[in-house]
Amino acid sequence: MRLLFLGDMVGKSGRTAVWEQLPGLISDFRLDFVIVNGENAAGGFGITEEIFQTTLAAGADVVTTGNHVWDQREALTFAAREDRFLRPVNYPKGTPGRGSGVYLARNGARVLVANIMGRVFMHPELDDPFMAGEREVAACPLGDQADAAVVDFHAEATSEKMCFAHFLDGRVSLVVGTHTHQPTADHQILNGGTAYITDAGMCGDYDSSLGMDKEEPLNRFLSKVPKGRFEAANGPATLCGVGIDISDRTGLAERIAPFRRGPRLEESAPSFWY
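The structure contained in this document is the topic of the report that follows. Treat the numbers as computed from the prediction; the structure is a model and nothing was measured. Residue positions within a chain follow its written sequence, with the count starting from 1. For this predicted model, a pLDDT threshold of at least 70 governs which residues receive local features, and a threshold of 80 or more governs which side-chain atom pairs are given and counted, while totals over whole chains, interfaces and linings are taken from all residues. With hydrogens and water stripped out, all remaining heavy atoms of the structure feed into the side-chain values.

Right, let's talk about the side chain of Asn 90 for a bit. The helix count covers DSSP runs of H or I at least four residues long, the strand count covers runs of E at least two residues long, and both are numbered beginning at the N terminus. Along the chain, Asn 90 turns up in the loop between helix H3 (75-78) and strand S5 (100-104). Any pair of nitrogen or oxygen atoms within 3.5 Å is treated as a polar contact; in protein, a donor-acceptor pairing is required on top of that, and neighbouring residues in sequence qualify only through side-chain atoms on both sides. A distance of 2.8 Å separates a polar side-chain atom of Asn 90 from the backbone oxygen of Met 117. Every residue pair with non-hydrogen atoms within 4.5 Å of one another is taken to be in contact. Leaving out residues up to four positions away in the same chain, Asn 90 has contacts with Ile 116, Met 117, Leu 126, Asp 127, Asp 128, Pro 129 and Ala 132.

Side-chain atoms within 4.5 Å are what join buried Ala, Val, Leu, Ile, Met, Phe, Trp, Tyr and Cys residues into a set we call a nonpolar core. Here the term buried applies to any residue with accessible area under 20% of the maximum for its type, exposed to any over 50%, and partly exposed to those in between, with areas from a 1.4 Å probe on protein chains only. Grouped together as the largest cluster of nonpolar side chains are 38 residues, with contacts concentrated most on Leu 4, Leu 6, Leu 22, Leu 31 and Ile 47. Of all the elements in the fold, those that place two or more residues in this core are strand S1 (2-6), helix H1 (11-29), strand S3 (33-37), helix H2 (49-58), H3 and strand S13 (253-261). The element that contributes the greatest number of residues to this core is H1, accounting for 6 residues. Grouped together as the second largest cluster of nonpolar side chains are 24 residues, Leu 3, Leu 86, Ala 109 and Ile 197 included.

With that out of the way, let us pick up helix H6 (residues 215-223). Every buried residue of H6 is listed here: Glu 216, Pro 217 and Asn 219. Buried residues of H6, viewed axially, fall in a sector of 160 degrees; they line one side. Opposite the buried face of H6, by more than 90 degrees, sit the exposed residues Glu 215, Phe 221 and Leu 222. At the exit of H6 stands Lys 224, carrying a positive phi of roughly 70 degrees. Arc, as used here, means the arc of the directions from the helix axis to the C-beta atoms.

Looking at the element boundaries, Glu 160 is found in helix H5 (residues 158-168). Sequence-distant contacts of Glu 160, that is, excluding residues within four places in its chain, are made with Gly 118, Arg 119, Val 120, Pro 129, Phe 130, Phe 153 and Ala 155.

All right, on to the environment of Glu 39 then. Summarising the element assignment, Glu 39 is placed in the loop between S3 and H2. Taking the C-alpha atoms as reference points, Glu 39 and Asn 67, 28 residues apart in sequence, are found 7.7 Å from one another. When residues no more than four places from it in sequence are discounted, the contact partners of Glu 39 are Asp 8, Phe 45, Gly 46, Ile 47, Thr 64, Thr 65, Gly 66, Asn 67, His 68, Val 69, His 154 and His 179. For Glu 39, the side chain forms a polar contact with the main-chain nitrogen of His 68, separated by 2.6 Å.

This is the structure we're talking about:
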């Protein structure tokens, strides 16, 4: 099974690049399943239903989120009726929407996708992510009720991301970090067979500060006095994420490699997809 995960879409530049390029990527690389993090897609803060639906229409199978999930208030409404829209599963009981689901891939495989948020340096502080992950894999074991399992771990601290991946090693196909918008170079397969990367990066304009127009963030570092709002940068976007091949027999990872396509970062795609 061949899976692509794309990191946080940031603003119009990021979401448009995903919409324009994803259909071709699915066709060219014969992708079985695609997950896109969409929590920064609406001007850098949250996601609207229209953006969500357009992302699905472009070929995404699931859209995950994170700490900005409710920045667009309409998400509180459509989250409850859209089973392919995920907010972090460790929100308190009664929060609108869902944090995980099992979805059918193009090759017929059953894919568990869970969206979980870390707690270190994160706001709001949600329920224990480790126990949330334990509940998810216990309820839908790999090799029994799921043929593959992916966790989008939306977190700030690299240590929390790494420990979370080791905690689930051998029980899920992939733990992919999101939130910090900078692609890391530590993609690997852990000892138990789980693929891991600390952060997939973002789909957005890298001539920026984490996808935001760099002038206001720079001003705040220099003067400590806000002059305006943060606005998403609108230059040409680079897509960032990871591609993995998953064993049809075990549901564990066989290969992982970074995916980068765009004008500023060095382009990369999994060589095993060619």
